[in-house]
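Examining the three-dimensional arrangement
What follows is each chain in one-letter form.
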There are 6 protein chains.
Amino acid sequence: MDNTRFDKGMAMLAKIDGIGGQEVVNCLEGIAPDFGRYLVEFPFGDIYSRPGLDLKSREIATVAALTALGYARPQLKVHIAAALNVGCKKEEVIEIIIQLAVYAGFPAALNGLSAAREVFGNLQDIS
Amino acid sequence: MDNTRFDKGMAMLAKIDGIGGQEVVNCLEGIAPDFGRYLVEFPFGDIYSRPGLDLKSREIATVAALTALGYARPQLKVHIAAALNVGCKKEEVIEIIIQLAVYAGFPAALNGLSAAREVFGNLQDIS
Amino acid sequence: MDNTRFDKGMAMLAKIDGIGGQEVVNCLEGIAPDFGRYLVEFPFGDIYSRPGLDLKSREIATVAALTALGYARPQLKVHIAAALNVGCKKEEVIEIIIQLAVYAGFPAALNGLSAAREVFGNLQDIS
Amino acid sequence: MDNTRFDKGMAMLAKIDGIGGQEVVNCLEGIAPDFGRYLVEFPFGDIYSRPGLDLKSREIATVAALTALGYARPQLKVHIAAALNVGCKKEEVIEIIIQLAVYAGFPAALNGLSAAREVFGNLQDIS
Amino acid sequence: MDNTRFDKGMAMLAKIDGIGGQEVVNCLEGIAPDFGRYLVEFPFGDIYSRPGLDLKSREIATVAALTALGYARPQLKVHIAAALNVGCKKEEVIEIIIQLAVYAGFPAALNGLSAAREVFGNLQDIS
Amino acid sequence: MDNTRFDKGMAMLAKIDGIGGQEVVNCLEGIAPDFGRYLVEFPFGDIYSRPGLDLKSREIATVAALTALGYARPQLKVHIAAALNVGCKKEEVIEIIIQLAVYAGFPAALNGLSAAREVFGNLQDIS
């Protein structure tokens, strides 16, 4: 096992997703534990750890991409929370998703806003 | 015609895309001139003109979304150039597209990088 | 605010979607009220109000597009109901979705038929 | 071989696509001749031949679906021509594609309009 | 009705999907019975019955395609079960879905693994 | 740099893609060399090197996925050649793509067959 990438990835995952990311990895234990390891190593150990783009910009890109894909609601919810964790304001998340109506159509944006409402609602339940 | 939104949109389009955006609108003259007007009014007059997100972040979102869609190469090229116009560094554009391998797969990222190579190459031809 | 487009859009939305469209707009109040306004103004005030294509044909196009996208079930359900509102017969809606098996594959068509079954079932509950 | 479905399909294909459809089938001869037969039998012999929806409405659905998919330019061009063959006006084809900006985003609509320009241009070359 | 293709398709469907496939066809009775017939005739009577590729390889292709599409969870679940029926090991199904992270991104693979967990869980409930 | 994964990936890439894969990596040198390294390490060093699924089955999955995505023609061509390299017959590749008409629609299959024709044609030019 590649401890450097995995450890770097786990630290990055905790920084970005808080407990949400750890839950995704745990969830994979029963079905595909190696995939949990890849998820830590490649996206978080390799990509998010790269110096050329700040984490807030990275999460803007991810929220935009997941809204555009349309079918990735669970991952979009994780990354809306992640965007808030790394410094996006709720208003900025909403702006990104609204803008996606231009590029991926109104249904993708409407479903993205519905995901954001759920994430924001859960945050209020906690606080 | 709604001059406020159109004028605001044309100013925003010029700011973001330079002559590239104007060419897209001109190109629509012969086939669907009203669509050229909508393109100016809604995405640029309404959305990009909103205050809640800076233009650099908006272009990060757009480059990410267009890379994820996979089939939007002409628009991706316009917005890679636009991202550079509003303050993204070439390295940041590359980082966004690399990151998309995580969310939309390696083919989407490879095709995005190929579009970036073309845009960057054209820029070097001009200067 | 652009009252002409908004008012024209609200009238068109009521004509096409009945109360279903109004509910979507209301739903956006809490998360992105401006997006609710855009939804009324651009798709309904600008596009559906254009003279060059009758409303029944517009809804045929929309049901086809949403079935093809695959991820837009809530919007597909709204527009299946809308198609009936503007003069499509249930049988015609089913034909459109069946035909989509050719262009977007059997899973997209199967999921579209499942959405239609839900919409048709709800209509029977009301009457 | 199932002559009824094939013959019905060939007649329907000729009616809808003119020589364009025949060319697609011929083109498949060298690589997958059975697929050429399926293409005639299932979409045209089975689906387009069904009584519940007129051919013009079927082509409206197809143009919308292919515009939404984004990656199907060759097929979109064939079906833009087919839509004209079965009674759509050029203006109606343009309206369908413009409307798709709402559901699949502006890039899908822009690429659809570019396909329409090519088809309409070729028609003018002939006449 | 084309009894040869239908009968061949029903036999193939039973062989591949067990009762799951029959349920899909039954389910279509109330909304689009002809589509149930097409589903038997074209995919199963025509395609899966072709000699050039063994059934295990066909299901590998189908699981991969449905994972890539992202929006086809019900069909993916049916075909994960089908893959096991025609000789895939659970581990092989997991490998296919993990590999899809490369081509369609991590969200598509994560959602595919979640579908596999459900299918495998249901199998354990039965046995 | 992680020599084990990279070296294992380069060996796997050579085995699967022959010179085609190396060309993709070389091509990335000028625009995103790190991405070339990731492409070797993650898909080929990590995933294709896993023991649970044979290489022929892996390429069947990849050809199916890339055909379904619709926008990944350059990658589909590389992997059609790769499928032949690891033991698929041309007829099997054609069967996979034909089958995709069921899951992703006839346009995706038609474009996939067109890619296969190009790859097979180039092979004949060489021999």
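Now for a quick tour of the structure. Bear in mind that the values here come from a model prediction, so they are computed numbers and not experimental data.

Another point: the layout of surface pockets. In this structure, the second largest pocket spans a volume of roughly 880 Å³. What lines the second largest pocket is a set of 36 residues, and nearest its centre among them are G20, G21, V24, P74 and V78 of chain A. Sorting the residues of the lining of the second largest pocket by element identifies helix 1 (3–17), helix 2 (19–28), helix 3 (33–47), helix 5 (73–85) and helix 7 (106–126) of chain A, helix 6 (90–104) of chain B together with helix 7 (106–126) of chain E as the ones contributing at least two each. Here the lining of the second largest pocket gets nine residues from one element, more than from any other, and that element is helix 5 of chain A. Looking at the lining of the second largest pocket residue by residue, the class counts come to 23 nonpolar, nine polar and four charged.

The partner chain D presents 27 residues to the 28 residues of chain C that form the contact. Contact with chain D buries surface across chain C, with E95, Q99 and Y103 of chain C losing the most and accounting together for 26% of the total. There are four salt bridges connecting chain C and chain D. Put simply, R50 of chain C and E95 of chain D hold a salt bridge, and the shortest N to O gap is 2.7 Å. Our count for the contact surface shared by chain C and chain D stands at twelve residue pairs in polar contact (both at pLDDT 80 or more).

Moving on to helix 6 of chain B. Count 3.6 residues to each turn of an α-helix, and residues three or four apart come out pointing the same way. All names here are of chain B. Taking 1.5 Å per residue as the helical rise, helix 6 with its 15 residues ought to reach 21 Å, and the 21 Å between its terminal C-alpha atoms agrees with that figure. In terms of residue burial, helix 6 counts as a mostly covered element, since 13 of its 15 residues are buried. Phi for G105, located one or two positions after helix 6, is positive at around 100°.

Here the focus is the relation of the copies chain A and chain F. Of the two same-sequence chains, chain A is brought onto chain F (RMSD 0.0 Å, axial shift 0.0 Å) by a rotation of 180°. On this basis, the relationship between the two copies can be described by a two-fold rotation axis. Taking C-alpha positions as the reference, the residue of chain A nearest the rotation axis is F42 of chain A, at 3.7 Å. Comparing contact sets, 100% of the residues at the interface of chain A also lie at the interface in chain F, consistent with an isologous, same-surface contact.

With that settled, the discussion passes to the environment of V63 of chain A. Residues and elements named next belong to chain A. In this fold, V63 is placed in helix 4 (residues 55–69). Overall, the relative accessible area of 0% leaves V63 in the buried class. With 32 residues separating them in the primary sequence, V63 and E95 have C-alpha atoms 11 Å apart. Leaving out residues up to four positions away in the same chain, V63 has contacts with L76, H79, I80, A83, I96 and I97.

Each partner contributes to the interface: chain A provides eight residues, whereas chain F provides eight residues. The contact between chain A and chain F buries some 780 Å² in all, and 53% of this surface belongs to carbon and sulfur atoms. Of all residues in chain A, Y38, F42 and R50 of chain A bury the most surface against chain F, accounting for 60% of the area lost on that side. The interface formed by chain A and chain F contains two salt bridges. For the salt bridge of D34 of chain A with R50 of chain F, the shortest nitrogen-to-oxygen distance reads 2.8 Å. Put simply, chain A and chain F have four residue pairs in polar contact (both at pLDDT 80 or more) between them.

Here is what the cut-offs are and how they apply
Residues numbered from 1 in each chain as written. Chains lettered and ligands numbered in written order. Predicted model: local features only at pLDDT ≥ 70, side-chain atom pairs only at ≥ 80, totals over all residues. Heavy atoms only, no water. 1 Å grid on protein atoms, 1.4 Å probe; cavity = no way out; pocket = protein on both sides within 12 Å on 5 of 7 lines; lining within 4 Å. Points joined across faces, edges and corners; volume = space filled by probe spheres on them. Helix = DSSP H or I, 4+ residues; strand = E, 2+ residues; numbered from the N terminus. Nonpolar A, V, L, I, M, F, W, Y, C, P; charged D, E, K, R; others polar. Contact = heavy atoms within 4.5 Å. Buried area = accessible area lost by both parts, 1.4 Å probe. Salt bridge = Lys/Arg side-chain N within 4 Å of Asp/Glu carboxyl O. Polar contact = N/O pair within 3.5 Å; in protein donor to acceptor, adjacent residues only side chain to side chain. Expected span 1.5 Å × (residues − 1). Buried < 20%, exposed > 50% of the residue type's maximum accessible area, 1.4 Å probe, protein only. Least-squares fit on C-alpha atoms with pLDDT ≥ 70 in both.

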